[in-house]
Amino acid sequence: MTGRVTHHGFAQGRHGSAAAVVAAMLLMGFISVLHAASTPVLMLLEHTQAGKQIQTKIEVKGGLVASPDKGKPQAKWIIRAGDALKAGSRPDDRSVNFYQSTDTQSTLLFIVKVRYYQNAAGRWVPQFLLNEEPLVIRKNGRWLPLTSVQGVPNLIARTGTALPNAEGYFPSLEFGMTTGAISIDAWLVQ
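Now for a description of the structure that goes with this document. (Residues numbered from 1 in each chain as written. Predicted model: local features only at pLDDT ≥ 70, side-chain atom pairs only at ≥ 80, totals over all residues. Heavy atoms only, no water.)

### Points about the sheet that holds strand β15 (residues 172-177)
- Overall, antiparallel pairing links the 5 strands, which are arranged β4-β3-β6-β15-β14 in an open sheet. With one partner strand each, in any of the chains shown, β4 (52-59) and β14 (156-158) form the two edges of the open sheet. With strand direction ignored, the average angle separating the axes of adjacent strands in the sheet is 30 degrees.
- Judged from the 4 bridges that link them, strand β3 (residues 41-49) and strand β6 (residues 77-81) form a sheet pairing that is antiparallel. Of the residues in β6, the one forming a bridge with Glu46 is Ile78. (Pairing = 2+ DSSP bridges. Helix = DSSP H or I, 4+ residues; strand = E, 2+ residues; numbered from the N terminus. Axes fitted to C-alpha atoms, helices over the stretch in contact; angles between N-to-C directions.)

### Quick word on the packing of aromatic side chains
- Under the defined criterion, the tally for this structure stands at 3 aromatic pairs.
- Relative to Phe175, the ring of Phe110 has its centre 5.0 Å away and its plane inclined at 75 degrees; by these criteria the two rings are edge-to-face. One end of the pair, Phe110, is in strand β8 (residues 106-118); the other, Phe175, is in strand β15, and 65 residues separate them in sequence.
- Ring geometry for Tyr117 against Tyr169: centres 5.9 Å apart, planes inclined by 55 degrees, an arrangement best described as tilted. In this pair, Tyr117 is assigned in strand β8 and Tyr169 in the loop between β14 and β15, connecting sequence segments 52 residues apart. Note on accessibility: Tyr117 and Tyr169 belong to one class, buried.
- Here the basic side chain of Arg90 rests over the ring of Tyr117, its NZ or CZ set 4.9 Å away from the ring centre. (Phe/Tyr/Trp six-rings, centres within 6.5 Å; stacked < 30°, edge-to-face > 60°. Buried < 20%, exposed > 50% of the residue type's maximum accessible area, 1.4 Å probe, protein only. Lys NZ or Arg CZ within 6 Å of the ring centre and 35° of its normal.)

Following this line, the structure appears as C-alpha cells:
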C-alpha cells in the first residue's frame, strides 16, 4: 500500500495532506490579521421595529456617517457597548454627535461622550455619558434652544434602569425625546 488515494484524478497522500494543513493555517492566520485590523465598534445603536430589535454598529472612525435607518422615527433608542478592547492603557475618550436631517440641513440632537473602563478580564469597555446640556443661542436678547422640532425644545428623557459609575458614565443608555418619536439620521465620531 503506497498511502495514496486517487479521487477524480487528484492524488492525495502525506505530502498533499500536509500542504492542505499548511494552506489552512496560513488562511486562518490571514483571516485573524484581517479581523484584528478591522475598525472597532464603539457602540451599538438599537431600536425596535415591528417587534424586532434592530442594531446598528457605530465604529471608531471619523467622518459623518449616514444612518441606515434615516427618516425612520423611533420613540425609544438604546445605546449599548461595542467592542471590548485589549490595550495596555485606557483608549482615548470619544464623543459622538447625533443628527436629524432634512434635505437641506442637519440638526444636532444630542452628544454622547464615551470613556473606556477596564472590566474584570482586563479589557477596556466603553461606557456612556449623555450630554444633556441644552444647546442655546442668544437671539433678540433671549436665549433660544438650538435643538428644536417644530419649534418645540427637544428634551431628552432617559428611560433605562442602568446605574452610572462614580464618574457618571452608564454601561448603556435608553432614552426618548419629550417631543415624541424622532429619527437619528447621521452621527459623527470625534
